[in-house]
Amino acid sequence: MSINTILFDLDGTLIDTNELIIASFLHTTEQYGDRAYSREEIMNFIGPPLRESLAQVDKNRVEEMIVTYREHNMKHHDEFVEAYPTVVETMETLKDKGYKLGIVTTKMRQTVEMGLKLTGLKEFFPVVITLDDVTNAKPHPEPINQALSALESTASEALMVGDNTHDILAGQNAGTKTAGVAWTIKGKEVLEALEPDYMLAEMRELIEILGG
């Protein structure tokens, strides 16, 4: 397998922020929604850019909701967030083997940096493309193309790893190989329907896929 570059989504892929995100959305919809939102509905908000998800609650008050969401999210960040099993040691191995590593996320840079610092992952990623850095978020290929350019890589030698349909579609749109993660809160069947090249039961399987 001629892969030398691996791009990762962050939330739900490398770090477990699901309960934090759900709590922040519930907190926000309780204040601004015209009804109570179920946990299942909130789960559908995970993945797309925040503005896009909150527009479904009240398109006229999105900016207010973003402020409320982010205040809650940042206040409670460190209570909830941790790296998924085998993620840190896998990144150490990949770095030692000389792979070029990057992150492509739909989050804003401030909370991305908080998550990377808290989980000890920051040192592994010289390139981090956030929502602040692009005009078009995933599934548009722009964020992946930007990361590849910064890493001096091409799509044909890259793998995009993610927990959401946006991640798999973005990789396919950019021309990379793709890998879904079975621990996605969406349920791995949602990702399998998009036919990613690989499905990881845990992150350390990447080492085997890449040739040991």
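Refer to the structure above for everything that follows.
Residues numbered from 1 in each chain as written. Predicted model: local features only at pLDDT ≥ 70, side-chain atom pairs only at ≥ 80, totals over all residues. Heavy atoms only, no water.

Student: How do you make sense of the sheet that holds strand β4 (residues 100-104) when you look at a structure like this?
Tutor: The strands that make up a sheet pair up through hydrogen bonds in the backbone, lying either parallel or antiparallel. Strand order in the open sheet formed by 6 strands is β5-β4-β1-β6-β7-β8, and the pairing between neighbours is parallel. With partners counted over all chains shown, the strands left at the sheet margins are β5 (127-129) and β8 (198-200), one partner each. The mean angle between the axes of side-by-side strands here comes to 25 degrees, regardless of whether they run parallel or antiparallel. One ladder, built from 3 bridges, connects strand β7 (residues 177-181) with β8; its direction is parallel. (Pairing = 2+ DSSP bridges. Helix = DSSP H or I, 4+ residues; strand = E, 2+ residues; numbered from the N terminus. Axes fitted to C-alpha atoms, helices over the stretch in contact; angles between N-to-C directions.)

Student: Help me out: how do you make sense of the pattern of salt bridges in this one?
Tutor: Where side chains of opposite charge bring their charged atoms close, a pairing between them can arise. Inspection of the entire model under this criterion finds 12 salt bridges. Between Arg109 and Asp133 there is a salt bridge, with its nearest N and O atoms 2.6 Å apart. Within this pair, whereas Arg109 is found in helix α6 (residues 109-119), its partner Asp133 is found in the loop between β5 and α7 (142-150), the two being separated by 24 residues in sequence. Classification of Asp133 as partly exposed rests on a relative accessible area of 29%. Among the ionic contacts, a cluster of salt bridges with common partners joins Arg109, Glu113, Lys122 and Asp133. (Salt bridge = Lys/Arg side-chain N within 4 Å of Asp/Glu carboxyl O. Buried < 20%, exposed > 50% of the residue type's maximum accessible area, 1.4 Å probe, protein only.)

Student: What am I meant to see in the side chain of Lys107 here?
Tutor: With respect to the helices and strands, Lys107 occurs in the loop between β4 and α6. Residue classification places Lys107 among the buried residues on the basis of a relative accessible area of 14%. A distance of 3.3 Å separates a polar atom in the side chain of Lys107 from a polar atom in the side chain of Asp11. Here Lys107 is in contact with Asp11, Val112, Thr130 and Leu131, once residues within four sequence places are set aside. (Polar contact = N/O pair within 3.5 Å; in protein donor to acceptor, adjacent residues only side chain to side chain. Contact = heavy atoms within 4.5 Å.)

Student: Teacher, can you tell me more about the packing of helix α4 (residues 62-80) against α6 here?
Tutor: Any two packed helices are characterised by how steeply their axes cross, that is the angle between the axes, and by the distance between the axes. Two numbers describe how α4 lies on α6: the axes approach to 11 Å, and their chain directions differ by 10 degrees. Taken together, the axes of α4 and α6 lie roughly parallel to each other. Each of Asn73, Met74, His77 and Asp78 in α4 lies in contact with α6, whose residues at this interface are Gln110, Thr111, Met114, Gly115 and Leu118. Here the contact of α4 with α6 is built from residues that sort into 3 nonpolar, 5 polar and 1 charged. (Parallel < 35°, antiparallel > 145°, perpendicular 65-115°, else oblique. Nonpolar A, V, L, I, M, F, W, Y, C, P; charged D, E, K, R; others polar.)

Student: Looking at this structure, how should I read the pairing of β4?
Tutor: Along a regular strand, successive side chains alternate from one face of the sheet to the other. Judged by how many residues are buried, β4 sits mostly within the fold: 4 of 5 residues are covered. Bridge count for strand β1 (residues 5-8) against β4 is 4 bridges, and the pairing is parallel. What sits directly across from Leu7, in β4, is Gly102. Summarising the sheet, β4 and β5 pair through 3 bridges and their orientation is parallel. The residue of β5 that forms the bridge with Ile103 is Val128. What joins β4 to β5 is α6, and the crossover it makes is right-handed. (Right-handed = clockwise from strand over helix to strand, strands pointing away.)

Geometric values such as these leave the question of function open.
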